[in-house]
Amino acid sequence: MQDKIKRIQDLLAAARAGTRPHGMEYYTDAPELIDALRRFEIAFYVINQEHTGIMEPRSIHNAIHACDRVNAVSIVKLNEWNPTRARDALDFGAGGVMVPFIETGAQLREVLAALRFAPQGNRGYCYVNRAQAGGAGITGAEVLEFWKFANEHALVIPLIESKTAVDNLDELIEAGASCPIFAIGPLDLALSMGVVDATMTDPAAAFPATPLLHKLGVLGKIVDKLHRAGKLTMQPYVGPDPSKTYEQLAKLNDELGNDLPYSGMLDCLAVGVQDALNVNPYFKKR
């Protein structure tokens with residue numbers, strides 16, 4: 001448990017220091033890919049249940065276990081707010097959960113209560129969980145340590161992705177006093193705000209809603225308010241994007257105030273394969 005606490009504390013400290021620790025969005029049921037990326041020292045993985053096939057408990061369990069093997073923080077992005085699934089993700093050993101479409105302070109307080117043990121909340125406990133090695137030989141001190149981790153260290157990350165959430169951002173910040181990170185979902189936010197233009201359909205653009213919302217000043221206002229409240233922001237990384245240089249992408253992430261950027265795993269692998277083929281003389285001849 002102490003290793004998990006240290007990973008989370010190191011991640012938050014690095015983000016607050018402005019080093020922008022990079023994460024990866026995991027959305028395919030292949031935990032061996034997490035192992036394969038070990039040497040790149042990915043700081044965290046967002047295990048995404050939204051719009052993916054990663055729904056079975058065993059798939060979530062295996063992905064979290066792979067993150068532990070490579071010393072990365074595991075964050076399960078739920079496909080909807082479901083207190084049982086959220087609790088199970090933490091019982092499996094996740095470092096935190098990301099909860100989609102949080103729009104009001106009341107919703108966020110409900111989420112936090114369900115994921116904290118008494119007296120802070122009403123989460124149920126059983127020592128037979130993967131985070132505590134299935135309860136084998138568990139001691140009272142280890143139980144207390146697990147409760148302390150849940151109440152003081154486990155990340156609960158609200159996802160801001162609607163106009164209603166933006167309108168209620170002040171009350172969300174107040175309700176989420178114990179949440180060090182707020183995530184932003186640019187695509188759903190753009191749809192909710194009715195913000196669509198030609199860049200949204202540009203096949204060469206990666207995460208097209210992000211630069212669009214940035215250009216309109218929407219992201220800047222959200223990020224400024226979160227930063228003034230001492231919150232870190234987690235946003236999808238606007239890349240890899242063949243239409244921009246790496247320097248341009250880095251500059252854009254700086255402008256976005258993206259403290260914890262994360263890339264799509266398959267997007268990165270596809271670009272890596274493309275680069276490998278482009279520099280390989282064998283493939284150039286064919």
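Here, every reference points to the structure presented above.
Described below are features of the structure shown in this document. Computed from a predicted structure; not experimentally measured. Throughout this description, residue numbers start from 1 for each chain and increase along the sequence as written. Local features in this predicted model are restricted to residues whose pLDDT is 70 or higher, and side-chain atom pairs enter the listing and the counts only when it is 80 or higher, whereas totals over whole chains, interfaces and linings include all residues. With hydrogens and water excluded, all non-hydrogen atoms of the structure serve as input to the side-chain values.

1. Some details on the overall build of the protein
- Starting at the N terminus, helices and strands are each numbered in turn, a helix being any DSSP run of H or I of at least four residues and a strand any DSSP run of E of at least two. Of regular secondary structure, the protein possesses 14 helices and eight strands.
- Classification of residues uses two cut-offs on accessible area relative to the type maximum, computed with a 1.4 Å probe and protein chains only: under 20% is buried, over 50% is exposed, and between them is partly exposed. Counting the 286 residues in the protein, one finds 48% classified as buried.
- Contact criterion: two residues are considered in contact whenever any of their non-hydrogen atoms come within 4.5 Å of each other. For the protein, the share of sequence-separated contacts (at least 6 apart) that also reach a separation of at least 24 residues comes to 69%.
- For the accessible areas, the method is Shrake-Rupley and the probe is 1.4 Å, while residue cover comes only from the protein chains on display. Carbon and sulfur atoms make up 55% of the accessible area of the protein, which totals about 13500 Å².

2. Remarks on the environment of Met 193
- With respect to the secondary-structure elements, Met 193 resides in the loop between helix H9 (186–192) and helix H10 (209–215).
- A residue is classified by how much of its surface remains accessible, and Met 193, at 29% relative accessible area, is partly exposed.
- When the C-alpha atoms of Met 193 and Ser 162 are compared, they prove to be 7.1 Å apart, with 31 residues separating the residues in sequence.
- Apart from residues lying up to four places away in sequence, Met 193 is in contact with Lys 163 and Val 218.

3. A look at the packing of aromatic side chains
- Aromatic rings from Phe, Tyr and Trp, with only the six-membered ring used for Trp, were paired whenever their centres fell within 6.5 Å, and each pair was classed as stacked if the ring planes differed by under 30 degrees, edge-to-face if by over 60, and tilted otherwise. Considering all chains together, one arrives at six aromatic pairs under this definition.
- Geometrically, the ring pair formed by Phe 44 and Tyr 262 is edge-to-face, given 6.4 Å between the ring centres and 70 degrees between the ring planes. Residue Phe 44 is located in strand E2 (residues 44–48), and its partner Tyr 262 is located in strand E8 (residues 262–264); the two are separated by 218 residues in the primary sequence. In terms of burial, Phe 44 and Tyr 262 fall into one category: buried.
- Between Tyr 125 and Trp 147, the aromatic rings sit 5.5 Å apart at their centres with planes inclined by 90 degrees, giving edge-to-face as the arrangement. Within this pair, whereas Tyr 125 is found in the loop between helix H5 (105–115) and helix H6 (140–152), its partner Trp 147 is found in helix H6, the two being separated by 22 residues in sequence.
- What makes Tyr 125 partly exposed here is its relative accessible area of 27%.
- Each member of the aromatic cluster is reached from another via a ring pair, and the members are Phe 117, Tyr 125, Phe 146 and Trp 147.

4. Re H6
- Expected span of a helix: the number of residues minus one, times 1.5 Å. In this model, H6 (13 residues) spans 18 Å end to end at C-alpha, consistent with the 18 Å of a helix rising 1.5 Å per residue.
- Restricting attention to buried positions, one finds in H6 the residues Val 143, Phe 146, Phe 149, Ala 150 and Asn 151.

5. Quick word on the pattern of salt bridges
- Here, a salt bridge means any side-chain nitrogen of Lys or Arg that lies within 4 Å of a carboxyl oxygen of Asp or Glu. Counting across every chain of the model gives 14 salt bridges.
- The closest approach of N and O atoms between Asp 68 and Arg 7, which form a salt bridge, is 2.9 Å. You can see Asp 68 sitting in helix H3 (residues 57–69) and its partner Arg 7 sitting in helix H1 (residues 2–16), a full 61 residues away along the chain.
- On the basis of relative accessibility, which here comes to 22%, the residue Asp 68 falls in the partly exposed class.
- Using a relative accessible area of 13% as the deciding quantity, one classes Arg 7 as buried.
- For Asp 35, the salt bridge goes to Arg 69, with nearest N and O atoms at 2.6 Å. On the criterion of sequence distance, the pair formed by Asp 35 in helix H2 (residues 32–36) and Arg 69 in helix H3 is long-range, its members being 34 residues apart.
- Owing to a relative accessible area of 24%, Asp 35 belongs among the partly exposed residues under this scheme.
- Arg 69 gets classed as partly exposed once you look at its relative accessible area, which sits at 37%.

6. A few points about the layout of surface pockets
- For cavity detection a 1 Å grid was placed over the protein atoms alone, and a set of points counts as a cavity when a 1.4 Å probe fits there but cannot get out; an open set counts as a pocket when protein lies on both sides within 12 Å along at least five of seven lines, with lining residues being those that have an atom within 4 Å of a point. Grid points are joined across faces, edges and corners, and a volume is the space filled by probe spheres set on the points. Computed from the structure, the second largest pocket encloses a volume of approximately 340 Å³.
- Ranked by residues supplied to the lining of the second largest pocket, first place goes to helix H13 (residues 265–279) with six residues.

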